[in-house]
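# Coordinate analysis (summary)
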Amino acid sequence: MSSLIDSIRAYILTCPLLEGGRVNVDYIGESMGYSVDPLPCNPILQRYVDGGAKKQFQFAFTSQEKYDQDARINIENSGFFQAFHEWLEEQSFLGEFPDMEEGMAPVAIETLNSGYLYDVNGVNAKYRIECRLIYTQEV
């Protein structure tokens, strides 16, 4: 049995845009990398009379990239998140979702906003896109 964050991390590792990049959870080091970070939210979207529910798990996908005054680099960084959004949208349309434990059925995976510059520390910048996995859970 794996946790939702572990399932989402494994799922994101299949994204061809990452080119074998390392994906951490709640951690991004000093060098380039990626992280899946759980976000606070109300997990219940709808409660069913049988005790089941439609739920959500919100997370941020964060990357640390090179950053400087060169517009090309910064445009490329922003373009990555547009491509990531399109990849998630396509996967959801195709019904390709993270593996989930028994009794949980994924419905959609989507972005909640476009990718944005989150933090700058001189030569590197953190970019982030907030996402959510919607799923049903039986009792």
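Details of the structure are given in the entry above.
The following refers to the structure shown. Once a new chain begins, its residue numbering starts again from 1 and follows that chain's sequence as written. Owing to the predicted nature of the model, reporting of local features is limited to residues with pLDDT of at least 70; listing and counting of side-chain atom pairs is limited to 80 or more, with chain, interface and lining totals taken over all residues. Hydrogen atoms and water are omitted, and side-chain values are computed over all heavy atoms in the structure.

Should a side-chain nitrogen of Lys or Arg be within 4 Å of a carboxyl oxygen of Asp or Glu, the pair is scored as a salt bridge. Throughout the structure, instances matching the rule amount to two salt bridges. Of the charged contacts, one joins Arg128 and Asp37 as a salt bridge, the two residues approaching to 3.7 Å between their closest N and O atoms. Placement of Arg128 in strand β7 (residues 124-137) and of Asp37 in strand β2 (residues 33-38) is noted, with a sequence separation of 91 residues between them. As far as burial versus exposure is concerned, Arg128 and Asp37 are alike and both buried. Under the DSSP-based scheme used, a helix requires at least four consecutive residues in state H or I and a strand at least two consecutive residues in state E, with every element numbered from the N terminus. Note on classification: 1.4 Å probe, protein chains only; a residue is buried when its accessible area is under 20% of the maximum for its type, exposed when over 50%, partly exposed between these limits.

To continue, consider the side chain of Asp37. What makes Asp37 buried here is its relative accessible area of 11%. Any two residues having at least one pair of non-hydrogen atoms within 4.5 Å are treated as being in contact. Beyond its immediate chain neighbours, meaning those up to four positions away, Asp37 contacts Val25, Asp26, Tyr27, Phe59, Ala60, Thr62 and Arg128.

Between 30 and 60 degrees the pair is tilted, below 30 it is stacked and above 60 it is edge-to-face, where a pair is any two Phe, Tyr or Trp rings, Trp via its six-membered ring, whose centres lie within 6.5 Å. A complete count under the given rule lists ten aromatic pairs for this structure. Taking the centre distance of 4.5 Å and the plane angle of 15° together, the rings of Phe61 and Phe84 count as stacked. With Phe61 in strand β4 (residues 53-66) and Phe84 in helix α2 (residues 71-94), the pair connects residues that are 23 residues apart, well separated along the chain. Exposure remark for Phe61: the relative accessible area of 0% places this residue in the buried category. A relative accessible area of 0% places Phe84 in the buried class. Three or more aromatic residues joined by ring pairs make a cluster, and in this case those are Tyr11, Tyr34, Phe61, Phe80, Phe81, Phe84, Trp87 and Tyr127. Only lysine NZ and arginine CZ atoms are considered, and such an atom sits over a ring when it is within 6 Å of the ring centre and within 35 degrees of the ring normal. Note that Arg128 overlies the ring of Tyr118, its terminal NZ or CZ placed 4.2 Å from the centroid.

What follows concerns helix α1 (residues 4-12). Within the sequence span of α1, burial applies to Leu4, Ile5, Ser7, Ile8, Tyr11 and Ile12. Looking straight down α1, one finds its buried side chains confined to an arc of 160°; they lie on one side. For α1, the secondary structure elements touched by its buried residues are β1 (23-25), β2, β4, α2, β5 (104-111) and β7. Think of it as the arc spanned by the lines of direction from the helix axis to the C-beta atoms.

Here Pro43 shows up in the loop between β2 and β3 (44-47). Put simply, Pro43 and Phe80 are 37 residues apart on the chain and 28 Å apart in space, counted from C-alpha to C-alpha. In contact with Pro43, other than residues within four places in its own chain, are Lys54, Lys55 and Gln56.

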